[in-house]
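Below are the chains, spelled out letter by letter.
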Amino acid sequence: FSISEKISRIYEEEISQLYEKYLGGVDGICIAGFGSFARKFMAPCSDLDFVILTSSDVEKETNKNKISSFIHHVWDIISKAEYSVRTPEETINLALEDEKVLTYLADIRYVAGDKKVFNHLLYLINQLKNTHNVKMFSILSQDRVVRISKYQNLVEPDLKKSPGGLEDYFFIKTLQKLISDDILVSLKEIENDFLSILELRAILHILTKRNTNSLYIGLVEDVLNFIKSKTGKKYGLVEFMTKVISSMQRIKVYADISHNFVKKKIYPPNPALISYFGPYFSDGEFLYADPELFKKEPYRLVEVFKIAKANELELAPETSYFILKMKNLDLNEDIQANKIFFEIITDIGGIEKTLMRMKELGILEKIIPEFGRV
């Protein structure tokens, strides 16, 4: 983490000096950082993402030669620099069409130049939150669905794009910053998981000397040797990969819960769709349960998955979060819990989704302890 901050600070100092040399004294222009540069999470060999904001198209055209000189000298520092030259208004309009720009707006950071231009962009972002939160949520949601469907393979996970990767962590932060202050989950609870993935990504960049995010099998031994040489820690292959996948799984579950929680706030349920299944109720999409029910009758922690499966419902985010947080519970000897679990796994129809959800929320290992090591 400290290395990431130092890399970001070095680039910021260099960019600021180049700005002063080639654009200093020009009103109506500023540099703002995007992505890992803005977040100060740059790994070695990371791309440098920034935008040159101009107060107007006239300002952009008047200073195009100075802007070109600035860009050419940035390329002398780093060949992988992604940039654009836009007004704040153009940036906002593009964010409503491009999920990458929209995600970047959550963490955009002032670097150098006329701060009035940057503050104007912040003002427009606040307006956007009040007027287009439904559209922004739709863009972010669809982007995540497409992304995690492409990178489902966790045998060789992509530390950035796979479910539970860095982009899932920043997805939660983006929901909080651009859509809803209340996302139900606490990012503090997965901070260590996030930092371990961030650190591992930095190691991959160092070893490959390029922007590598995929932890493919041929690299794992090199990673383990690197960790041993720097820290003295010696991991076995299975132990190490289990640790990585466990961290990504936790981030993924938190992203799922916050996603569904914000979705509920954006699209409130129709009261006409409320239906009851014994002590549970549904709004047509999510299944809800009173937490006190689980405390009094622990077997209900298994039953709720059976009801959800039978009625093709998702567990409500509040219910999922409560289940996830339940500790020190053993259902292995609970006769009712085991009976219901047997009914789940012998039911006609696919059970993969149900078992995976039980695993992600920590219930599967409470019935079959061996799954705690899977």
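Just above, that's the structure.
These figures come from a predicted structure and were not determined experimentally.

(A) Fine view of the sheet that holds strand 8 (residues 314-315). What the four strands build is an open sheet, ordered 5-6-7-8; its pairing is mixed. Here the strands that pair on one side only, and so sit at the sheet edges, are strand 5 (275-277) and strand 8. Where strand 7 (residues 286-288) meets strand 8, two bridges bridge the pair, whose relative direction is parallel. Bridge pairing links Phe286 to Glu314 in strand 8. Across the sheet, helix 14 (residues 300-310) lies against strand 5, strand 6 (280-282), strand 7 and strand 8, angled at about 30° from strand 6, the strand it touches most. The strands touched by helix 15 (residues 317-325) within the sheet are strand 7 and strand 8, with strand 7 carrying the most contacts at an inclination of about 55°.

(B) Fine view of unusual backbone geometry. One non-glycine residue with positive phi stands out, namely Lys209, at about 60°. Within the fold, Lys209 resides in the loop between helix 10 (191-208) and helix 11 (217-231). Assessed through its relative accessible area of 67%, Lys209 is described here as exposed. Notably, Asn328 is not glycine yet its phi reads approximately 50°, a positive angle. Counting through the fold element by element, Asn328 comes out in the loop between helix 15 and helix 16 (335-345).

(C) Summary view of the pattern of salt bridges. All told, the structure shown has 31 salt bridges when counted by the stated rule. A salt bridge links Glu167 to Lys161; its shortest N-O distance comes to 3.2 Å. Of the charged contacts in the structure, one is a salt bridge between Lys263 and Glu285, with a shortest N-O distance of 2.6 Å. Of this pair, Lys263 sits in helix 12 (residues 237-266) while Glu285 sits in the loop between strand 6 and strand 7, placing them 22 residues apart in sequence. Through salt bridges that share partners, Arg144, Arg147, Lys161, Glu167, Asp168, Lys252, Asp256, Arg357 and Glu360 make up one connected network.

(D) Structural detail: the environment of Ser68. Among the secondary structure elements, Ser68 is positioned in helix 4 (residues 64-77). Residue classification places Ser68 among the partly exposed residues on the basis of a relative accessible area of 35%.

What counts, and at which threshold
- Residues numbered from 1 in each chain as written.
- Predicted model: local features only at pLDDT ≥ 70, side-chain atom pairs only at ≥ 80, totals over all residues.
- Heavy atoms only, no water.
- Pairing = 2+ DSSP bridges.
- Helix = DSSP H or I, 4+ residues; strand = E, 2+ residues; numbered from the N terminus.
- Contact = heavy atoms within 4.5 Å.
- Axes fitted to C-alpha atoms, helices over the stretch in contact; angles between N-to-C directions.
- Buried < 20%, exposed > 50% of the residue type's maximum accessible area, 1.4 Å probe, protein only.
- Salt bridge = Lys/Arg side-chain N within 4 Å of Asp/Glu carboxyl O.

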